[in-house]
Structures are given as C-alpha cells and as structure tokens.
Amino acid sequence: MKVIKFGGTSVGSACNILKVKAIIESQTEPVIVVVSALSGITDQLLHTAHLAASGDAAYEQEFMALAARHRETVRNAIADNVLRDNTLKKIEALLGELCNFLKGIFWVSDLSQKTADAVVSYGERLSSLIVASTLNNAQLFDSREFIKTEKQFKKHIVDFKATNVLVRKCFADKMHLSVVPGFISQDSKTGDTSNLGRGGSDYTASILAAALNATRLEIWTDVDGFMTADPRIISRAYVIHDMTFIEAMELSNFGAKVIYPPTIYPAYHKNIPILIKNTFNPDAQGTFISKNKTDWNKSIKGISSINDTCLITVQGLGMVGVIGINSRIFSALSKSGVSVFMVCQASSENTTTLAVKDEDAELAVCSLQNEFSLELSQGEINEVKAKKGLATVAVVGENMKHQPGIAGKLFGTLGRSGISVIAAAQGASETNISFVIESQYLRKALNTIHDSFFLSEYQVLNIFLTGIGTVGGNLLEQIRLQQRTLMEHNSLKLNVVGIADTRNMIFDRNGINLETYREDIRKAQKSTPDALREEILKMNIFNSAFVDCTASPEIAALYADFLEHSISVVAANKIAASSEYETYFMLKDIARKRGIKFLFETNVGAGLPIINTMNALINSGDKILKLQAVLSGTINYIFNTLSAKIPFSRAIMMAEEEHFAEPDPRIDLSGTDVIRKLVILSREAGYAVNQENVEKHLFIPDKYFHGSLENFWKTISKLDSEFEAKRQQLEAQGKRLRFVAEMDRGKCRVGLQEVDSNHPFYELEGSNNIIMITTERYNEFPMIIKGYGAGAEVTAAGVFADIISIVNIR
C-alpha cells in the first residue's frame, strides 16, 4: 500500500482533477489519496472570514465566488448526471455550514483562532469530496477522526500516540482506494477542529504512511521535484533526481517549498521513501528521497533561501561565563511561539544572534526584553537589537562531510562578488552551511554559488559593454560567433547583459540579441556615464565584467565604482591605466583586494600578449630592467609607407583611410599615444612613472598640433620635402626611421631613431608593433614580441582574450 498526496494546483480545476483521476486509477496496489484544498481557497477562506469579522458585507460576495467555483468544478469534473447531482447536494450541505459560520462571525464581529481553524477546514473537506466522487469505488474519510493534536505554545502539535492507534484502527480493513482530506485534524482534548499548519496536507500523508508502514509516499505537485536552486532566480537550476532525507529536510527548512518540512520525519523514522512527482508532467523522473546516499559528483546538492529574515542579537559583557543565558533566551522565545531557525554565538559568550522570520521580530524582541529586563536595567546586557532586510541562504549536501575547503570556497566566492556575510552557522554534521546576507544581494549570491560549485551545466560571465564602434562592434561579433563553441567545449556562457554607446543604452538580464542589438539600442533609453553606472549597479548581477571600448575619460572614471562593487573591468581605453600613478595603483589595489580583475592588455600592442608576458616574468621572480619598443602602429605604417611616390602628408592620409590613425591623426603624431603606452608598460614592469616623466623627442614641429584639423591638413604637406630628403639619406645608408619608446630602469623617453638592417626593428612591416624586454634572466638576449599592433579586429580579439581570462578557462 502507498500513500499519494495531491497539492492545491493539482486539484485546482476540473481539468486538473481529471489528470489526478488518471494518475490514481493507473495504480496497481491499494492507495490512500490525500488532497489539499483547491489552489487559493485557504487564503480566500481566511480573507472572507476577516471581512466578516470586520463587519464588511463584502464577505458575502467572496463566499458566493468561492461556492460558485466548487459547484463549477463538480459540474465539469463529473460526467454522470446522478453522481454529479448527489455530489452537488453534499457540496451544498458543506457550503451551507460554512455560510452559517461566516454569518455568525459577521454578527459578533469577532474571529477567534478556534473559529478560523473551523472555517479553513472547509477547503479540504470540499476538495476531498469532489475528488472522491470522481473516482470509482473510492471511500472518503474525515481525517479529524484519526489525526489528533495537542495545543503547545499556540500551535497544534500532532499527538502521535493517539493518532497512530486511530489510523491503524480506521484502515484495518484495507480498502483498495481511500480519499482523505489533508491539513485538518482535531484537538484530542476539546474535540475542536484544528490543523497541521500551511503545507499540512504533506504532513497528513506522511503521518498515514508511517502509521500504516506504506511502501512509498508520493507527493504530487506542480514542479518536477527538488531543484538545485529556485528556478525563478536561477534559470539554469535543474531537478535533483536522488537525495537523502537529511538533504531534503535541510533544503525544506530553508525555503525550498517542494515539501512541508515536518513531512520528512515520519517517513524517515520508518524508512519509507518519498517520491516527488509533477501532476502536469507525470512522465518526468521526479525526486526520490531515501536514506541511501547516491552517486553525486559535486560537493553540494542544492541551495535554498529564506528572504524575510531578521537577526535578533543579545549582547553584553554580563553574559560572559554566566550559565543558563541561552536557556533563558530560548525558553522566552518558545513561550511566545517564536521559531528560531539559525543560531550564532561568539566564543567569548558575549553575543548570541538568532535568525527569525520578519513577522516574529517584534514579538521576539519584546519577549527577550521582558526576560532580561533586570540585566538590561543594570547594563549587563545591551539593548536587544533586531536587524531586518536580510536573507538566509543554506548550502546543503552530504558530500560536504569531511571535505576540506568547502566553507573557504563558499565565503571566498561571496567575497569576490562583493557580498558581505553578516552571520553564519555550520553544524557538526557538515551537511548544511547557512549564512545571512542583505536581501538585495540574494539573487547575486545564489547565482554566484550555483556557478562556483558547478551546479550549473555551464559557468556564466555577464558582460556590460560600452562603445560599439570598430573595436566594440568587432568584439560583439566575435562573441556572437564564439558563444556556442564556448558553451559546448568550455561550459562557459558569455551573456551580454548591457550595451551602450554615446547616445543610448540597452540592458537585459537574460542576454541581449547580438544579431539585432544595433536596431534595439536605437529605441532604448538615453545614455550618460552617470545613467550607465546607476543601471549597472542597480542590476547587481553576479560574475560580471565591464568592458570599455571607448576612449572616454568619463567612462574611465567609472572603473573604481565598478571594481568596488566586485565588477571586473576590461579596458581597451588607455586613459585609466595611463592616468596619474595614484589612480592606476588604486584601481589595481581595489581589484586585488576584491579578488577580481582589472585588465587592459590591449592598451599596448592591440592583441599582442605583452602585458601578460611581463606579468608572468615578474610573478616568476624575474626583474624587468629595460624596454625598447615600437608601439605606434600608425607611425610605423607612415614610415613604412613613405617612398619616392608617396610623400609624408599622403602617408598620414593613407593611415587614416586604413583606420590605423585616429580621426584626428595629430593624436598619434604627437606621440601622446606612445607615451601612454610606455607609461603603462613601465608601471607593469614595477616602476612608478607618470606621463610628465617621459622625455619627448617629437618629429613634427609643435605648431602643427595647434589650430584646427582642417588647417593641419592644409599645411602638413610643407614637411614633405624634409621627410623625403631624410628618407633618401637613410635609404643610401641602409637605414630606416622608427619611433621608439624606451624605458631603462625607470627612465623613459620617446623619439625617432635610425636603425640599420641588423636591428630587430628594421624589418618591422606595416602597422606592426615590436617590443624587446631585457630582464635579469633575458639579459644578453632580450625577449622579443612582435606582430599586429593596430586594427579593430586584432584589438577586439585581445579584449576578448582578457574577458576569457576572467573565468580562467583553457
């Protein structure tokens, strides 16, 4: 024999009841069916009763709607006319009783707990009658005849001794099919109708299964089973097919609403397995709960949470060494009917913190203030404090037992995401680590943990990108083309959740369509740096990175805020890393302390691995002594293009046409860009250098950098003859011009140099870059890195590489 329970949504309509009928009639062994009230009816009954108690005649309309719903359900669920009419008569009798109760409440304008319990009992009494009537040869029982309770601290507690005897007696003659209303019970002393609390129908089924030694308890609901996390928060959560009683109990106690927590104990005590199934997806495997620990290759089984948490703290030096303080705390709360679901105590004994639900906070504080009134008046205990706006998260799994580093990984993961843990607790059983955080970080915390402990099928990196010009546009296209491959081969999902340009910005937590974003962004909200910052921080999204493909100082000024909020920063923009040394150092320091990334590889050499290589050398114990580099793809292109047929001014124009130069080429020709790059490299080499420390030897007179761009183009040709003469002279000597950046033990300079055919810089083609790195190890033969140093595609690829390095995939 097995016991099957159907929840409110499972019996919420005639259509659903017919699904339930099909499931029940497919059973091949004797079955006891326990049913909840139709979905929403318990709340509606309470609401109607409260309206009546307040003297509001609107309760009549509520009752009429409730009655009409049950009549309609009977008419649609039962095809046989005679059976339907008989059922409706019984329904009308129950509705008549309920109507009289409500009238009485209205007349006396009072709703006692005893009366409220009687009113809500009609939900299950009506639903069980309807379900039993749809089934062939089903016998309907009244659970008040055998589920007995006692009153303890304003709550109804099951009297198991009396209940078990009555259950066995009632079901001694085993019927093939029995139907029982869940939730409702009877006070064993007074005979008054009582109940087992919200979710009590699960409990009813478990009590019956344990008393009758059922082979299995099935809970049919509207979900496929326990999931690794709340799917409303984590879309990648999935069903856990097997779990232990302990794991199920821990997850249920901390907010997983699949099963009412007290349900588990009776089944656990008798070793009766529980199967969670979905009425609307009966072919799904569901969740099987038993004593047996199954193979599970992950440290944790699931994550659960309680959003409305309040921490009550009792603190005072007068508590130290005093025996019985905690006993008094819990006794006072118990007498007031306050349930505590987490406890933390400092080893010094001067602080005890308790987690309760928000609705119990005021009562808990009053109870403790009364209990410790003397100690409070004498200053031995400080004010009893309540902190609201919190959430509790529980990480559960029997595989955490005896496995070092789980707690460290958990709290490290939260810290790197900028989430502060306010209180934490772990029992010696090692199956549950619980902690309290601010509610605003709940979604972020759950997603971060789910990803970090590989409960998700793939890891997610959420990307905010600003600047959709040539580099940014190329980057988004590269991401779009690579997304599927990264998912399939690296279990990494790149989720672009925000895109901004100078005019508009668009955000979507679920991911922006990278095929239509240019269209979509034109219709989106206006973009300013402040609005961009506000929107990104408001989203408070986990495992995120801000990618800057602009050259904007206003955007660079946002980095510190993002890093402080544990958002990694990837910058193609050179401004931040080349700004004042104090700013550069601050940004690096924040990233280090937060355990996140501030990356700017493409600031120098586009996609060349220069900065990463230098960091690897330093981290392995080497010391960089000297740098020599050609770092301007634009200037190198210009000097490589010069010929008898192509004068200096035309070479500059060609660099702009090929998109190597800035729209205003004077930015490149002034050496400003090279100076920024040299400053960045020198800093990464370990030297505190600012731009003003760089010695400049420019090759164009200063006057060309003043005035309008139009005037520049009109006058720059005056230098053509000078550069042609220089070119001819060097050609005769077998030399070439290179604009070289140098750093020698912290001293920096930039300027034109003549190099011969034996120099590594001589054969540098087109817009390529090259750098020679002299270190203590690479001294006689410096390390050389050479390749494309400009171009939107390679720069975008370099930014992409930085993004990938955030998640450390290979």
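Since this is a predicted model, take the numbers as computed values, not measurements.

## Things to note about the overall build of the chain
Right, so step 1: If you tally the helices and strands in the chain, you get 29 helices and 31 strands.
Right, so step 2: Since a compact globule built from 810 residues should have a radius of gyration of about 28 Å, the 36 Å found for the chain marks it as more spread out than a globular shape.
Right, so step 3: In terms of its C-alpha atoms, the chain occupies a principal-axis envelope of roughly 115 × 70 × 55 Å.
Right, so step 4: Expressed as a percentage of its 810 residues, the buried residues of the chain come to 53%.
Right, so step 5: Contacts in the chain between residues at least 24 apart in sequence constitute 72% of all its contacts with a sequence separation of at least 6.
Right, so step 6: Working note: accessible area of the chain is about 35,700 Å², and carbon and sulfur atoms make up 49% of it.
Right, so step 7: In the chain, 85 positive and 91 negative side-chain charges are present, and the distance between their average locations comes to 3 Å.

## Considering unusual backbone geometry
Right, so step 1: Residue Ser491 is not a glycine yet carries a positive backbone phi of 50°.
Right, so step 2: Looking at the element boundaries, Ser491 is found in the loop between α15 (470–490) and β20 (492–500).
Right, so step 3: In this structure Ser491 comes out as partly exposed when scored by relative accessible area, which is 32%.
Right, so step 4: Of note in the backbone geometry, Ser566 takes a positive phi value of approximately 65° without being a glycine.
Right, so step 5: The topology assignment puts Ser566 in the loop between α19 (559–564) and β24 (568–571).
Right, so step 6: What makes Ser566 buried here is its relative accessible area of 7%.

## Examining the nonpolar core
Right, so step 1: Grouped together as the largest cluster of nonpolar side chains are 84 residues, with contacts concentrated most on Phe546 and Phe648.
Right, so step 2: Considering each element in turn, this core owes the most residues, 6 residues, to helix α26 (residues 672–684).
Right, so step 3: Beyond its immediate sequence surroundings of up to four residues, Phe546 is in contact with Phe464, Thr466, Leu532, Ile536, Ile555, Tyr559, Phe562, Ile567, Ser568, Val569 and Val570.

## Let's talk about the layout of surface pockets
Right, so step 1: Of the pockets and cavities examined, the second largest pocket occupies roughly 1,400 Å³.
Right, so step 2: Around the second largest pocket, the lining comprises 48 residues; the ones closest to its centre are Thr470, Val471, Cys549, Ala551 and Glu662.
Right, so step 3: Elements that contribute at least two residues to the lining of the second largest pocket include exactly α15, α17 (529–539), α23 (633–641), α25 (666–669), α26 and α29 (792–806).
Right, so step 4: In terms of residue class, the lining of the second largest pocket is built from 17 nonpolar, 21 polar and 10 charged.

## Notes on the sheet that holds strand β19 (residues 459–466)
Right, so step 1: Reading across from one edge, β22-β21-β20-β19-β23-β24-β25 is the order of the 7 strands in this open sheet, with mixed pairing throughout. Two strands bound the open sheet, and with one partner strand each, they are β22 (525–526) and β25 (598–599).
Right, so step 2: With respect to the sheet, α15 is in contact with β19, β20 and β23 (544–548), its orientation differing from that of β20 by roughly 155°.
Right, so step 3: Packing against the sheet, α17 makes contact with β19, β20, β21 (504–507), β22 and β23, and its axis sits at approximately 5° to β21.

## Quick notes on the side chain of Thr163
Right, so step 1: Relative to the elements of secondary structure, Thr163 occurs in helix α6 (residues 160–170).
Right, so step 2: The residues contacting Thr163, other than those within four sequence positions of it, are Phe146, Ile147, Lys148, Val158 and Ile207.

## Brief notes about the packing of aromatic side chains
Right, so step 1: Per the stated rule, a full pass over the model turns up 24 aromatic pairs.
Right, so step 2: Both rings, one in Phe546 and one in Phe562, keep their centres 4.6 Å apart while their planes meet at 40°; by these two values the pair is tilted. Here Phe546 is found in strand β23, whereas its partner Phe562 is found in helix α19, with 16 residues between them in sequence.
Right, so step 3: Taking relative accessible area as the criterion, Phe546 reaches 0% and is therefore assigned buried.
Right, so step 4: Every member of this aromatic cluster is reached through a ring pair, and the members are Phe546, Tyr559, Phe562, Tyr581, Tyr584, Phe585, Phe598 and Phe600.
Right, so step 5: Of note, Lys291 hangs over the ring of Tyr268, and the distance from its end group to the ring centre comes to 5.1 Å.

## Some words on the environment of Asp702
Right, so step 1: Relative to the helices and strands, Asp702 is located in the loop between β27 (694–697) and α27 (709–715).
Right, so step 2: At 2.9 Å, the side chain of Asp702 and the side chain of His706 are in polar contact.

## As for the packing of helix α10 (residues 325–335) against helix α11 (residues 358–371)
Right, so step 1: Two elements in contact, α10 and α11, have axes separated by 9 Å at closest approach and are oriented at 130°. If you check the angle between α10 and α11, you find them oblique. The element α10 and its partner α11 pack so that their crossing is right-handed. Every residue of α11 that contacts α10 at Arg328, Ile329, Ala332 and Leu333 is listed here: Ala364, Ser367, Leu368 and Glu371.
Right, so step 2: When its residues are assigned to classes, the contact of α10 with α11 shows 5 nonpolar, 1 polar and 2 charged.

## Regarding the sheet that holds strand β13 (residues 302–315)
Strand pairing in a sheet takes place through backbone hydrogen bonds and is either antiparallel or parallel in direction.
Right, so step 1: If you walk across this open sheet you meet the 6 strands as β14-β15-β13-β16-β18-β17, and the pairing is antiparallel. The strands lining the two open edges of the sheet, one partner per strand, are β14 (342–345) and β17 (423–426). Pairwise comparison of adjacent strand axes, ignoring direction, gives a mean angle of 30° for this sheet.
Right, so step 2: In the sheet, strand β16 (residues 385–396) pairs with strand β18 (residues 432–438) via 7 bridges, with the strands oriented antiparallel. Bridge pairing in β18 places Val395 opposite Ile433.

## Observations regarding the environment of His241
Right, so step 1: Inspection of the secondary structure puts His241 in the loop between β9 (216–221) and β10 (242–244).
Right, so step 2: Overall, His241 belongs to the partly exposed group, its relative accessible area being 32%.
Right, so step 3: Separated by 34 residues in the primary sequence, His241 and Ile207 place their C-alpha atoms 24 Å from one another.
Right, so step 4: Only 3.2 Å separates the side chain of His241 from the backbone oxygen of Gly286, close enough to count as a polar contact.

Rules used in this analysis
Each chain carries its own residue numbering, running from 1 in the direction its sequence is written. Local features in a predicted model are, by the rule used here, given only for residues with pLDDT of at least 70; side-chain atom pairs are given and counted only at 80 or more, and totals for whole chains, interfaces and linings are based on all residues. Heavy atoms throughout the structure, all of them, feed into the side-chain values; hydrogens and water do not. In this description a helix means any DSSP run of H or I spanning at least four residues, a strand means any run of E spanning at least two, and both kinds are numbered starting from the N terminus. Values of the radius of gyration come from C-alpha atoms, whereas the globule rule sets the reference at 2.2 Å times the count of residues to the power 0.38. In this scheme, a residue with accessible area under 20% of its type's maximum is buried, one over 50% is exposed, and one in between is partly exposed, where area comes from a 1.4 Å probe on protein chains only. In what follows, a contact means two residues having at least one pair of non-hydrogen atoms within 4.5 Å. Each accessible area value is a Shrake-Rupley result obtained with a 1.4 Å probe; residue values ignore everything except the protein chains displayed when judging cover. Positive: Lys, Arg. Negative: Asp, Glu. His and the chain ends are not part of the count. Charge positions come from single atoms, namely NZ of Lys, CZ of Arg, CG of Asp or CD of Glu. Buried residues of nine kinds, namely Ala, Val, Leu, Ile, Met, Phe, Trp, Tyr and Cys, make up a nonpolar core once their side-chain atoms join them within 4.5 Å. Here a cavity means grid points, on a 1 Å grid over the protein atoms only, where a 1.4 Å probe fits yet cannot get out; a pocket means an open set of points with protein on both sides within 12 Å along at least five of seven lines; lining residues are those with an atom within 4 Å of a point. Grid points are joined across faces, edges and corners, and a volume is the space filled by probe spheres set on the points. Under the convention adopted here, Pro, Cys and the residues Ala, Val, Leu, Ile, Met, Phe, Trp and Tyr are nonpolar, Asp, Glu, Lys and Arg are charged, and Gly plus all remaining residues are polar. Strands are treated as partners if at least two bridges between them are detected by DSSP. To get an axis, fit a line to the C-alpha atoms, keeping to the stretch in contact for a helix; angles then go from 0 to 180 degrees between the N-to-C directions. Here the aromatic set is Phe, Tyr and Trp, taking the six-membered ring for Trp, and pairing holds for ring centres within 6.5 Å; pairs whose planes are under 30 degrees apart are stacked, those over 60 apart are edge-to-face, and all others are tilted. By definition here, charges over rings are those cases where NZ of Lys or CZ of Arg is within 6 Å of the ring centre and within 35 degrees of the ring normal. Within 3.5 Å is the distance limit for a polar contact, defined as a pair of N or O atoms, with the added protein rule that one can donate a hydrogen and the other accept it, and that residues adjacent in sequence qualify only through two side-chain atoms. For classification purposes, angles smaller than 35 degrees are called roughly parallel, those larger than 145 roughly antiparallel, those between 65 and 115 roughly perpendicular, and all remaining angles oblique. Each crossing gets its handedness from the near helix: less than a right angle anticlockwise from the far helix is left-handed, clockwise is right-handed.

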